Amino acid sequence: MAYDVHVPERILGELTDATGSGDLLSAAAALVLQAVHHLTTHDHDVDHQSDDPLEYSLDRGESDCIWLANELGADLFLTAEFNTTNYLFINLALNDRNILCTTPHILCTLAARAVLPAEYVAAALTYYVETKGWDAQYVAHLRQRYLP
């Protein structure tokens, strides 16, 4: 199944800021920016929304994404916040729709469908477990289920 991917412009700025350091996160951000022509970008300001998700202590990028997902009635919501309390707050802010999907799950699914090389996904998962505190048990389960 294919999806139309919508993203707030603020996120593109965050991706641009993440490039240039030479680490795996930088490389991943650069790859997304190379595919920006496949994304639909939106320039909205979450401050003008009546259901401002910032009350949940989420950052501007997360808040803009939540607002956009609710506005569009998104089928899925992708986040890297699964290993924090923010995951729970994002889930609350998504208008009680069960559409939240974690980054490691998406990466593994893309590898299983040969959209991304399994070696790249395996390296990315290792990087995020070691540097960003992603839950090793959860990631191991995904590796076993999706990666060869």
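Values in this document were obtained by computation on a predicted structure and should not be read as measured data.

Engineer: Help me out: how do you make sense of the packing of helix 2 (residues 24-34) against helix 6 (residues 118-132) in this one?
Structural biologist: Each packed pair of helices is defined by two parameters, the angle between the axes and the distance between the axes. Where helix 2 contacts helix 6, the two axes come as close as 10 Å, and the packing angle between them is 130 degrees. Classed by the angle they form, the pair helix 2 and helix 6 counts as oblique. For the pair helix 2 and helix 6, the sense of crossing is left-handed. Where helix 2 approaches helix 6, its residues L24, L25, A28 and L31 are matched on the opposing element by Y120, A123, A124, Y127, Y128 and K132. Residue composition of the contact of helix 2 with helix 6, by class: nine nonpolar, no polar and one charged.

Engineer: Would you explain unusual backbone geometry in this entry?
Structural biologist: Excluding glycine, residues mostly carry a negative phi; peptide bonds, for their part, are mostly trans. A positive phi angle, near 60 degrees, is found at A114, a position not held by glycine. Among the structural elements, A114 can be located in the loop between helix 5 (103-112) and helix 6. Judged by its relative accessible area of 65%, A114 falls in the exposed class.

Engineer: Help me understand the side chain of S26 in this model?
Structural biologist: Examined against the element boundaries, S26 turns out to sit in helix 2. Polar contacts involving the side chain of S26 include one to the main-chain amide nitrogen of G20, which spans 2.7 Å. When sequence neighbours within four positions are dropped, the list of residues in contact with S26 reads A18, T19, G20 and S21.

Calculation criteria
- Residues numbered from 1 in each chain as written.
- Predicted model: local features only at pLDDT ≥ 70, side-chain atom pairs only at ≥ 80, totals over all residues.
- Heavy atoms only, no water.
- Axes fitted to C-alpha atoms, helices over the stretch in contact; angles between N-to-C directions.
- Helix = DSSP H or I, 4+ residues; strand = E, 2+ residues; numbered from the N terminus.
- Parallel < 35°, antiparallel > 145°, perpendicular 65-115°, else oblique.
- Left-handed = near helix turned anticlockwise from the far one by under 90°.
- Contact = heavy atoms within 4.5 Å.
- Nonpolar A, V, L, I, M, F, W, Y, C, P; charged D, E, K, R; others polar.
- Buried < 20%, exposed > 50% of the residue type's maximum accessible area, 1.4 Å probe, protein only.
- Polar contact = N/O pair within 3.5 Å; in protein donor to acceptor, adjacent residues only side chain to side chain.

Without other data, these values stay purely geometric and don't point to any function.
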